[in-house]
Structures are given as C-alpha cells and as structure tokens.
Amino acid sequence: MVTLVFPSLRVIMWPLSASLLLLVLLDLHLLLFCSAGTAASPPTVAPVSPTAACRTSVYPKLCRAVLAPLRFPASHYGFGRYSVKKALKQARRTSKILDNLLFPGGSARSRRIAGGAGAGSALEDCGELARLNTEYLEEVAAELGRGEKALSSLKAADRVRTLMSAVVTNQQTCFDGLEAAAASAASRRGTTPPPNAEMLAPFVNASQLYCVSLELVSSALSPKGRVPGKPPGLNSTQHSQGFPTEGRHLAEVTQPRPLAGVRIRGAVVVAKDGSGDFTTITEAVAFAPNNTDVEDGYFAITVGEGVYEENVVVDKHKKNLILLGAGINRTVVTGNRSFVDGSSTFKSATFAVHGERFIAVNITFENTAGPEKHQAVAVRNSADLSAFYLCSFVGYQDTLYVHSLRQFYRDCDIYGTVDFIFGNAAAVFQNCNIYARQPMADQVNAVTAQGRTHPNQTTGISIHNCTVRAAPDLAADPNATQTYLGRPWKEFSRTVYMQSYLQELIQPAGWLEWNGSFALSTLYYGEFENYGPGANTSGRVQWPAYRLMAGEEASNFTVYNFIGGDAWLPYAIPHSGGLL
C-alpha cells in the first residue's frame, strides 16, 4: 500500500538506508502482478495437449515448459496436479533461500543484507509468507492426490481454489513490502544500484510459476465448486444450521449477546486485574491448543473489560479460537506500529490472525499511530473461514487488512481514511457501519483498495446492506476532503456495494483512479440497489469495467455464492445468505 495524496499522487515515506537486494526487487512489479493477458480458459474435452492448456496463460512459454515432462495426451486435472507439485517444490526452495538470509543471525543479519531495520522486516515477512505457501501447497497437493472424484464436492473445490488464490496473494505481499522498502531507500539516496540477477531469479520464477499453477488448477476445477459469475443451482437464500448445538454454549461463559449454539471445548479468561487465568491476550492465545478439529468445538478466550496494549498474533496452528470481549469500546486491543516508524505494512497490525475458523465478538481493535504515520493496520486477517461480529476497527490509513482467504464481518464498525479496507481476501461485510474520518490536509479518502492480481483469483470485497457515512470529525467539516468508494490497488481489483446506504460525503464520480488509466479496463467495480444521497449513479465514472449490476449479477457476491458462508458460518452469527 502507498500513501494517497490528492489528487492521487503516490508518496512513500519510510526512512530506510539503501539496499542492493531490495532495489533489485523494485523492478519486479512489471513481472509479478500476473496481470498480462487473460485467465486460462475452461476445459474443453479431455484429453488436452499442453499447448492447448497453456494457450491463454499469462505465461504461456513457462506453462508449456512446466507441462513438457508429462505424457501426451493428459487431462486438465493431471496438468493442475502436476503444476502444484512443481509449485510446491519452488515454494520450498524459496523458503530455504529466505531462511538462509535470515538465519542464523536472525533479523540482525537480514538488516546487514538489506541495509536497514525496516527492510529486514520486509524480508522476514517474505520468509513467513513463503512458509505459509509451502503449507498451503502441501494441502492442495494432498487434496488433488485423492483423485478427481474427491473434488466433486463444493467444499473441496472451494478450498483448493481459495488456497491457490492465497498462494499468489502471499507472493505478491512479499514483493509489495520489498518494493516499498526499495523505493523508500532509492528515494532517500537518489541513486539506483545495478540489478543483482542472482538474487532476482528465484523470486521471479516463484511468482510466475504460482500464477501458472493457479490457472491450470482453475481449469481443472471450473465445473466444480462456486465460481463468481456462475451461481450454483441451490437457492441463494438458504441457510445451513452451522455447528451442532449440543455441548457448552457461549451463554454460559460470556456475553450480554451470546452466541448460543456454538460448541465450546475449553475456555480461559483474560483480565487486566489478575482475576482471570491470564493478564494478556497473547498469553491466552499461546495456551490455546494447536490444530484442533472444528467438530470438537471452539476454544474460547474471554477478555474482560479494559485496554490491552499488545500486538497479538494468532498463528496458523491456532485453529477454532473464539475471542469474546465485553463490548465495543469496553474491551480494546491497541497498538501503534506504522510504516513511517519502520514497520512493514504487513507487520504493523495490532492484531493479526492466521488460524482458520477464528471468531471475534464484542471487541475494539485499534491502531493509534495517527494519519501522519501513513500505513498503520489495526487488524490483519489471513484466516480462512473467519468471522468478526459486533467488533470495531479504528485507525486511519490501512485500518483493516483483509489479506487473504474467506472472511465475514457482521454488525461491525470500521473507521479510517486512505484505503482503510484493503487486501485480497474474499470478504463480505454485512450490516456494518463504515466511517470515513478526517485525513491529513493533502489527502482524500478511499474506503476500499482491493488487491486482486489475477482474474482466476476468487477474491474481492463485497459490501452488503451496510452504511457508509462520515465519522464525527469529518462530519464537523464535511468539505475538508473528498471521499470515494474505492480505488484499484491491483489490476483486477474487485469491489461491489449492494443494497447499502451511502451518505452525501461520497463524491458523485463514486470511484477514484489509482494512477491514470491503470486497471480501469480490467477491474470489476459494481453497484446494486444502493440508496441515500451518495448513491445517485448519474455522475459515476465511465470506466470500461465499471457496472451497474442487475440482481442476477449481484447475487454472485452474496454470503452464499461468494464465500460459501452458509456451509461454515455458525448459525448463531446472523447472516443473510442472499440478497435482501
């Protein structure tokens, strides 16, 4: 992410020393966004040749090279499975390269290589993301290894698509951090060292290979699962019953508004005054069991009233956790890390979560760094099948990082200024209040900055039955800045607003360019049945890819069709499966 300065001038402020390694990677963005050309076409009739399978690939030459060792003819499924094996091998190699840079010697050595503490942080992000990619690809390989029939279920096909999309997102996140560090260093010194081809090659190879594998797997799965634009035959207003109701209920342990019906397998209490099991959330998360099964229920962490000044990370192995606060502005998790103060955007989060099926209820998450510190994340969510209910997210630029995988937000408040809902998850917001705050004098507000880099990624931001309005500071001076629904961070950015109330602070054009004509013909921005003084579409942008959606098109972005929420959301978390 970059600082937005009116009228869309990008400025990066991060005082880092120059780095040969990172400045080399600054040039990668032309290759790494995976945005040239179109996605692999749906399968025709098996068998198929490598040439046919790769004809519309972003990287057709690499695609053919990847498939060359296979016997002809083969199937789309065979091509997809083989490409995942190649991608997994590359992920392990990339992870090893980064580990060699970072260990032994840890961050100190990375700083010597990168030329600054912040650049070292970006390398550490890349190491973490590479390890995640290895785990995701291992899971995809195992799923594909069960045979093509195993992918006939919606659950399996959706999970594979989701993980492959996240692999590409993770790689992109690595480069975004490195690019930002390199640009900052180059700006400070005013010079650019010659490129280091030896360091460049493995990163380029990994990014391109992941894109090719995403295409081939998408072709193999195209008749299966849920694909945006092709709603399944089931009624989109149906609801599943969620998890079984037997067992201990949340009503017994916490809430004034309990999540009755969610099974609890164990519980601890966090209290500032020492009256609970722990005094910090971090301690409670560390105590929670690893790699639990959802059938056994959730592990509940009840957090008492108070302000908890800590940066919390819920790692990938902390699955099926539920974090229960005393209420918005009563239980507050706060931090102040920021880009300007040397953190990567990825690591600036006050609260970061990777563990799947995470739920948070009745909590405020905030980053108090302030608008002058630019990128400063309150929550970074990289957890599949995660939900936030009755929560508040408070910040300025980059408040809520919906990083990857499938996410749901219900009855939440989100406050911010520049790109304050951003990332590349498949995220649905329902019945939420979205508040634009007063930015710095030279900035304009953009509510969203969605980061989809490839047309096969099953990602986007869907804002459904929400309210977009001015926060009290902006309401007191409504002419102080301009506010837009969003702008395209990446080439295939995808965001929709449906059946939502838009206050008059939304500019008549509705949407803002990122940089000239970038992405205006490849993005997917849509509006459907919005209302209020800011919902008048007569003055909206005339971009080729902007659309006023009909009901059938809008239904692709509901809880049911877009994130398959009726199959995994606990029934106790209210949600509408379809349109209102």
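No experiment lies behind these values; they were computed from the predicted model shown. (Residues numbered from 1 in each chain as written. Predicted model: local features only at pLDDT ≥ 70, side-chain atom pairs only at ≥ 80, totals over all residues. Heavy atoms only, no water.)

**Considering the overall build of the protein chain**
Thought 1: A tally of regular secondary structure across the protein chain gives 13 helices and 28 strands.
Thought 2: The buried share of the protein chain, reckoned over its 580 residues, is 61%.
Thought 3: Within the protein chain, contacts between residues separated by at least 24 positions form 73% of all contacts whose residues are at least 6 apart in sequence.
Thought 4: If you sum the accessible surface of the protein chain, you get close to 21000 Å²; carbon and sulfur atoms cover 52% of it. (Helix = DSSP H or I, 4+ residues; strand = E, 2+ residues; numbered from the N terminus. Buried < 20%, exposed > 50% of the residue type's maximum accessible area, 1.4 Å probe, protein only. Contact = heavy atoms within 4.5 Å. Areas by Shrake-Rupley, 256 points an atom, 1.4 Å probe, with all protein chains shown as cover.)

**Points about the pairing of strand S5 (residues 306-309)**
Thought 1: Alternating residues of S5 divide into Gly306 and Tyr308, all buried, and Val307 and Glu309, none buried.
Thought 2: Pairing geometry for S5 and strand S8 (residues 331-335), over four bridges, is parallel. Within S8, the position partnered with Glu309 by the bridge is Thr334. (Pairing = 2+ DSSP bridges.)

**A closer look at the pairing of strand S11 (residues 364-367)**
Thought 1: Along S11, one buried face is formed by Thr364 and Glu366 and the opposite face, lined by Phe365 and Asn367, is buried too.
Thought 2: Looking at chain direction, S8 and S11 are connected through four bridges and run parallel. In the strand pairing of S11, Val332 is matched with Thr364.
Thought 3: Pairing analysis gives three bridges linking S11 to strand S14 (residues 392-394), with the strands arranged parallel. Bridge assignment links Phe365 to a residue of S14, and that residue is Phe393.

**Focus: the state of the cysteines**
Thought 1: For the coordinates displayed, the defined rule picks out two disulfides.
Thought 2: Between Cys54 and Cys63 runs a disulfide, and the two sulfur atoms are separated by 2.0 Å. In this structure the cystine formed by Cys54 and Cys63 twists about its S-S bond by roughly -70°; its chirality is therefore left-handed.
Thought 3: A relative accessible area of 1% means that Cys63 is categorised as buried.
Thought 4: The disulfide partner of Cys126 is Cys174, and the S-S distance across this bridge is 2.0 Å. Taking the sign of the S-S torsion, 95° for the link of Cys126 and Cys174, the bridge is right-handed. With Cys126 in helix H7 (residues 117-145) and Cys174 in helix H8 (residues 154-189), this pair connects stretches of sequence that are 48 residues apart. Taken as a pair, Cys126 and Cys174 share a single burial class, namely buried. (Disulfide = S-S within 2.5 Å.)

**Some points on the layout of surface pockets**
Thought 1: Size it by volume and the largest pocket reaches roughly 620 Å³.
Thought 2: Every residue lining the largest pocket is counted, 32 residues in all, and those nearest its centre are Lys155, Val294, Glu356, Arg357 and Leu385.
Thought 3: Where the lining of the largest pocket is concerned, the elements lending two or more residues are H7 and H8.
Thought 4: The class makeup of the residues in the lining of the largest pocket is 11 nonpolar, six polar and 15 charged. (1 Å grid on protein atoms, 1.4 Å probe; cavity = no way out; pocket = protein on both sides within 12 Å on 5 of 7 lines; lining within 4 Å. Points joined across faces, edges and corners; volume = space filled by probe spheres on them. Nonpolar A, V, L, I, M, F, W, Y, C, P; charged D, E, K, R; others polar.)

**Re the sheet that holds strand S21 (residues 445-450)**
Thought 1: With parallel pairing, seven strands are arranged side by side in an open sheet as S6-S9-S12-S15-S18-S21-S24. The open sheet terminates on both sides in strands that have one partner only, identified here as strand S6 (312-314) and strand S24 (483-486). With strand direction ignored, the average angle separating the axes of adjacent strands in the sheet is 10°. (Axes fitted to C-alpha atoms, helices over the stretch in contact; angles between N-to-C directions.)

**Digging into the packing of aromatic side chains**
Thought 1: With the rule as written, the count across this model stands at 21 aromatic pairs.
Thought 2: For the ring pair Tyr524 and Phe557, a centre distance of 5.3 Å and an interplane angle of 50° mean the geometry is tilted. Separated by 33 residues along the polypeptide, Tyr524 in strand S27 (residues 524-528) and Phe557 in the loop between helix H12 (551-554) and helix H13 (559-563) bring together distant segments of the chain.
Thought 3: Tyr524 gets classed as buried once you look at its relative accessible area, which sits at 14%.
Thought 4: For Arg547, the ring lying beneath its charged end belongs to Tyr524, and the centroid distance is 3.9 Å. (Phe/Tyr/Trp six-rings, centres within 6.5 Å; stacked < 30°, edge-to-face > 60°. Lys NZ or Arg CZ within 6 Å of the ring centre and 35° of its normal.)

**With respect to the confidence of the model for the protein chain**
Thought 1: Per-residue confidence for the protein chain gives a mean pLDDT of 84; residues scoring 70 or more make up 79%.
Thought 2: Overall, residues 2-33 carries pLDDT values under 50, and its contacts beyond four positions in sequence, including any with other chains, amount to 119 contacts.
Thought 3: Within the model, the stretch residues 194-198 combines pLDDT values under 50 with five contacts to residues more than four positions away or in other chains. (pLDDT = per-residue confidence, 0-100.)

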